[in-house]
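# What the coordinates show
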Amino acid sequence: MTELGIAMVGHAFMGAAHSQAWRVAPRFFDLPLRPVMSVLCGRDADRTQAAADRLGWAEASTDWKSVLDRDDVHVVDICTPGDTHAEIAIAALDAGKHVLCEKPMANSVAEAEAMSEAASRAAERGVRAMVGFTYRRVPALGLARDLVAKGRLGRIHHVRAQYLQDWIVDPESPLSWRLDKEKAGSGALGDIGAHIVDATQFILGDPISEVMGTLVTFVPERPLASKHSGLSGTAATGQTGPVTVDDAALFLARFGSGALGSFEATRFANGRKNALRIEINGSKGSIAFDFEDMNVLQFFDGTEDPSVAGFRRIMVTEPSHPYVGAWWPAGHGLGYEHAFTHQAVDFVQAVASGVDPAPTFADGLLVQRVLAAVEDSASSRTWQQV
């Protein structure tokens, strides 16, 4: 086999990001298999066809189940709301299709467990599954992981992680599926908090073991939407509905190593557009990252002479940095979309090599258990084991 036929389900914000990844990956990276954008699946025939034409897919379909019987489809890429992930992923894996599933992996621990079990069964037949925690593929976070693994930070004491956005700070911003618990599972906690849970565990190689948290919904009712585009929408006149998820989540965490963490996820940080921030302090040094300056990693080496020591600003654009060698000359930065390309590259290489791509569905289940423990803690106001 020299080609890898892709069927993607869903074509909105994440569908567009994944589409560009499949288009671009084989043009910048030397891949063992060539991704073929075979079919795009959606609910509305006209909108799905228009999206397929715009994004570069060969065909459009309103029946995702039909792709499971196609010999020219080897991968199912799931870019739908969370309430559909388990059904699509399990059916695809059982049909022998490799699966890439957007995060959070599921809307509940029970769904995530079923998906992880399906992935384990499929792996015995050489079928692979991966969760789309894309920020793992940002070169600066790859460098951060390398520094931790090499012991440059020493024993880890503190982890501070934030994901700050402001796209619903206006109470007149309309409802969307991301504000509906039945479809999204949770609000800021699962949508963006899941990213910082995975990113910190990825950098440290250390799982969260215990949490204590709180959740809040600042605007409990919003206008219904007459139209949606990406994260924004147009409000319908005179009609409102309930917000059934959290607007913000805060929690403390203990890692398996004993490190102490603090986490914040909110869509109400006015002026912060996509500020995924991580700072890690250890006995020998520290690192700090902010996605709004995504090509930079701040590194403090505590072993240096104190008279000249300080945080250094590392431009993570050298060919020796993770993924960067395939792109532009040093100093020419990467953007949001590049991490999705790196994700596609890693997925294709894992499938071709016959190994499980990371993060696996088991990794996604670990994140889901952290999210559930935070929700349980917010209800009980006690520390909860993960």
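Every value quoted in this text rests on a predicted model; they were computed, and no experiment measured them.

Turning next to the overall build of the protein chain. Within the protein chain, the regular secondary structure consists of 9 helices and 17 strands. When its C-alpha atoms are laid out on the principal axes, the protein chain stretches across 65 × 55 × 40 Å. Taking the contacts inside the protein chain whose residues are at least 6 apart along the sequence as the reference set, 71% of them involve residues at least 24 apart. Carbon and sulfur atoms make up 50% of the accessible area of the protein chain, which totals about 16300 Å². The average position of the 35 basic charges and that of the 47 acidic charges among the side chains of the protein chain differ by 3 Å.

Our focus in this paragraph is the sheet that holds strand E17 (residues 384–385). Read from one edge of the open sheet, 9 strands run E16-E15-E14-E13-E7-E12-E11-E8-E17, paired in mixed fashion. With partners counted over all chains shown, the strands left at the sheet margins are strand E16 (312–315) and E17, one partner each. As paired strands, strand E15 (residues 296–301) and E16 are joined by 4 bridges and run antiparallel to one another. In the strand pairing of E16, Phe-299 is matched with Arg-312.

The tendency in soluble globular proteins is for nonpolar side chains to be buried side by side. Judged by nonpolar contacts, the single largest core of 78 residues is most densely connected at Ile-287 and Phe-361. Residue contributions to this core peak at 10 residues, all from helix H7 (residues 188–204). In this structure Phe-361 touches Ala-89, Leu-93, Val-99, Cys-101, Met-105, Met-115, Ser-116, Ala-119, Ala-129, Met-130 and Val-131, once residues within four positions along its chain are discounted. Counting residues in each nonpolar core, the second largest holds 29 residues, with Ala-21, Leu-31, Leu-40 and Cys-79 among its members.

Glancing now at the UniProt feature "domain: Gfo/Idh/MocA-like oxidoreductase N-terminal" (unreviewed entry) in the protein chain. According to UniProt, the "domain: Gfo/Idh/MocA-like oxidoreductase N-terminal" (unreviewed entry) feature falls on residues 5–133. Measuring from the first to the last C-alpha atom of residues 5–133 gives 22 Å, for a span that is 40% helix and 22% strand.

The terminal C-alpha atoms of helix H1 (residues 13–28) lie 23 Å apart, and with 16 residues this matches the ideal 22 Å at 1.5 Å per residue to within 8%. Within the span of H1, buried status applies to Met-14, Gly-15, Ala-17, His-18, Ser-19, Gln-20, Ala-21, Trp-22 and Ala-25. Buried residues belonging to H1 abut strand E1 (3–9), strand E2 (34–41), helix H2 (45–55), strand E4 (75–78), strand E5 (98–102) and helix H8 (336–353).

Turning to the packing of H7 against helix H9 (residues 361–380), a few remarks are in order. To describe two helices that pack against each other, one gives the angle between their axes and the distance between the axes. At a minimum axis distance of 10 Å, the contact between H7 and H9 shows a crossing angle of 125°. By the angle class used here, H7 and H9 are oblique. Handedness of the crossing formed by H7 with H9: right-handed. Here H7 contributes Leu-189, Gly-190, Ala-194, Val-197, Asp-198 and Gln-201 to the contact with H9, which in turn contributes Val-367, Val-370, Leu-371, Val-374 and Glu-375. Partitioned by chemical class, the residues of the contact of H7 with H9 number 7 nonpolar, 2 polar and 2 charged.

A separate point is the side chain of Thr-360. Mapped onto the secondary structure, Thr-360 falls in the loop between H8 and H9. Sequence-distant contacts of Thr-360, that is, excluding residues within four places in its chain, are made with Ala-129 and Val-131.

On to the pairing of E5, then. A large share of E5 lies buried, amounting to 5 of its 5 residues. Neither face of E5 is left uncovered, since the one carrying His-98, Leu-100 and Glu-102 and the one carrying Val-99 and Cys-101 both have all their residues buried. Both E4 and E5 contribute to a ladder of 4 bridges, which runs parallel. Across the sheet, Asp-77 pairs through a bridge with Leu-100, a residue of E5. Each parallel crossover has a hand, and the one from E4 via helix H3 (residues 85–94) to E5 is right-handed. Judged from the 4 bridges that link them, E5 and strand E6 (residues 129–132) form a sheet pairing that is parallel.

Now for unusual backbone geometry. The linkage connecting Lys-103 with the following residue, Pro-104, adopts the cis geometry, with an omega of -20°. Along the chain, Pro-104 falls in the loop between E5 and helix H4 (109–123). With an omega of 0°, the peptide bond between Ala-358 and Pro-359 qualifies as cis. Summarising the element assignment, Pro-359 is placed in the loop between H8 and H9. The phi dihedral of Tyr-323 falls on the positive side, at around 70°, and the residue is not glycine. You can call Tyr-323 partly exposed: its relative accessible area is 23%. The phi dihedral of Arg-381 falls on the positive side, at around 55°, and the residue is not glycine. On the secondary structure map, Arg-381 appears in the loop between H9 and E17.

Definitions and cut-offs
- Residues numbered from 1 in each chain as written.
- Predicted model: local features only at pLDDT ≥ 70, side-chain atom pairs only at ≥ 80, totals over all residues.
- Heavy atoms only, no water.
- Helix = DSSP H or I, 4+ residues; strand = E, 2+ residues; numbered from the N terminus.
- Contact = heavy atoms within 4.5 Å.
- Areas by Shrake-Rupley, 256 points an atom, 1.4 Å probe, with all protein chains shown as cover.
- Lys, Arg positive; Asp, Glu negative; His and termini not counted.
- Charge placed at Lys NZ, Arg CZ, Asp CG, Glu CD.
- Pairing = 2+ DSSP bridges.
- Core = buried A, V, L, I, M, F, W, Y, C linked by side-chain atoms within 4.5 Å.
- Buried < 20%, exposed > 50% of the residue type's maximum accessible area, 1.4 Å probe, protein only.
- UniProt positions renumbered as here; feature names shortened; annotations may be inferred.
- Expected span 1.5 Å × (residues − 1).
- Axes fitted to C-alpha atoms, helices over the stretch in contact; angles between N-to-C directions.
- Parallel < 35°, antiparallel > 145°, perpendicular 65-115°, else oblique.
- Left-handed = near helix turned anticlockwise from the far one by under 90°.
- Nonpolar A, V, L, I, M, F, W, Y, C, P; charged D, E, K, R; others polar.
- Right-handed = clockwise from strand over helix to strand, strands pointing away.

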